[in-house]
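One letter stands for each residue in the lines below.
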Amino acid sequence: MNRWNRLNPLNLLNLRLAAWIALGIAAVALAAGAAWLLSLPPATAPAEPPAIAEAERAATLAALKPQKRPRPVIAIVGINDATETTDYLMPYGILRRADIGEVKALATQPGLVKLYPVLQVEPDATIAQFDAQHPQGADYVLVPAMSRDDDPAVLQWIRSQAAKGATVIGICAGAKVVAAAGLLDGKRATTHWYYLEDLLDKHPTVRYVADRRIVVDGRVATTTGISASMPMTLTLIEAVAGRDRAQAVARDLGLPHWDARHDSDAFTFTRPFALTAIGNTMAFWNRERLGIALRPSVDEVSLALVADAWSRTYRSQAVSFAQRAGPIQTRNGIRLVPEHVGTDWDRGRTIALAAESQPARALDEALNGIGQRYGARTESLVAMQLEYPRENPGGHQQPEARTRPLQ
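What you see is a predicted model, and the numbers here were worked out from it, not measured in a lab.

## Quick word on the nonpolar core
- Ranked by size, the top nonpolar core spans 75 residues in total, and within it Tyr88, Leu89, Leu142, Met230, Leu234, Ile237 and Trp310 carry the most contacts.
- Tallying contributions element by element places helix H12 (residues 300-310) first for this core, with 8 residues.
- Every residue in contact with Met230, bar those within four places of it in the chain, is listed here: Met90, Ile94, Leu255, Val301, Leu305 and Ala360.
- Ala75, Leu106, Ala166 and Leu183 belong to the second largest nonpolar core, which has 29 residues in total.

Right, here's the structure in full:
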């Protein structure tokens, strides 16, 4: 009887109908996906944006002048479970290098800050410890991108710091956190291109400003994507300590200019971006774990840029490693905790950091290495995620002989 039921023509018909329905759904999904991909714009190279008018530049610097202390207290806040790597580490490294104030890397809770997409750090203090040490509050609060925009502890703390007179700076998608704290209502702002629509949907009174990497409105500032944390930090140094000091730090970093000019139209969800991300994701069997050796006095800027870039290819994930367990102190004093401990890392899958004499060059050299290993489309995919305006995208310029992107 059971065998007859399995062979019953009605049962076979039902199976065939189910198969045809499944195929039909798959075909519709494929057609819809193809239509969506075709609707996306092609990639466009960034245009050279016009220079920022001197009056606008002066107004930006005036708005960022310290209001409370000549030598300001600068807090960089993160949540413990996921805070963006470059947004958190690069301002810390540059500001400590500039020595213009007291710089603190904070976390909402005790324990490590696990950065995204790679690295983990021991913060200098929790927000509660910072409040006890500085009851008058910070002069500046830098807010990186975070895994969530609505963490109650960080929102309450940002509001309290703003009420005490701090200038709040949302870096990259950190603008969404600043907006969630209510500090961008009715103000001019920008953010990472990928999160712009979400920001404006949730906070419709925000007035988006295109073609600017840095937007300052009163005591609140915001930036475009991840790589904008460097020009934002140098602008802050200029506001606090003057043009000469900012130029000296920029030369030390290897950055020729750092103003707010930006071509926003060059950063959008394009067809090549989508196809490359989909293709690299589907090749899951071909993913690599690439090690970055943590050594004492490693430069935070080089490390953050290189680790971040190599973790955004959809083909590779950077992993920090050291021979021994325990925190390793960087050039400017933050403590990194390796994600892998041991001497067994394959040297053929090790990422070499760029020459640290000019760490701002690390991103270009990392992108060159990515292009050589995975192709120009993946190189462009990473640059787009970092919202980095390359002068020669896909050019694969060879790094200097003393540096190697991958050992």
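Having seen the model, we can carry on.
## Topic: the packing of aromatic side chains
- Applying the stated criterion to the full structure yields 9 aromatic pairs.
- Summarising the aromatic geometry, the rings of Tyr194 and Tyr195 are spaced 5.2 Å apart at their centres and angled 80 degrees between planes, so their arrangement reads as edge-to-face.
- With relative accessibility at 48%, the residue Tyr194 sits in the partly exposed group.
- Of the residues examined, Tyr195 reaches a relative accessible area of 31% and is grouped as partly exposed.
- Where Trp310 meets Tyr374, the ring centres are 6.1 Å apart and the plane angle is 70 degrees; that geometry is what we call edge-to-face. Here Trp310 is found in helix H12, whereas its partner Tyr374 is found in helix H13 (residues 362-374), with 64 residues between them in sequence. Taken as a pair, Trp310 and Tyr374 share a single burial class, namely buried.
- Taken together, the ring pairs connect Trp193, Tyr194, Tyr195, Phe269 and Phe273 into an aromatic cluster.

## Things to note about the pairing of strand E3 (residues 102-107)
- Where strand E1 (residues 73-78) meets E3, 6 bridges bridge the pair, whose relative direction is parallel. Note on E3: the bridge partner recorded for Gly78 is Ala107.
- With 2 bridges joining them, E3 and strand E6 (residues 125-126) adopt parallel strand pairing. Its bridge partner being in E6, Leu106 is matched across the sheet by Ala125.

Definitions and limits used
- Residues numbered from 1 in each chain as written.
- Predicted model: local features only at pLDDT ≥ 70, side-chain atom pairs only at ≥ 80, totals over all residues.
- Heavy atoms only, no water.
- Core = buried A, V, L, I, M, F, W, Y, C linked by side-chain atoms within 4.5 Å.
- Buried < 20%, exposed > 50% of the residue type's maximum accessible area, 1.4 Å probe, protein only.
- Helix = DSSP H or I, 4+ residues; strand = E, 2+ residues; numbered from the N terminus.
- Contact = heavy atoms within 4.5 Å.
- Phe/Tyr/Trp six-rings, centres within 6.5 Å; stacked < 30°, edge-to-face > 60°.
- Pairing = 2+ DSSP bridges.

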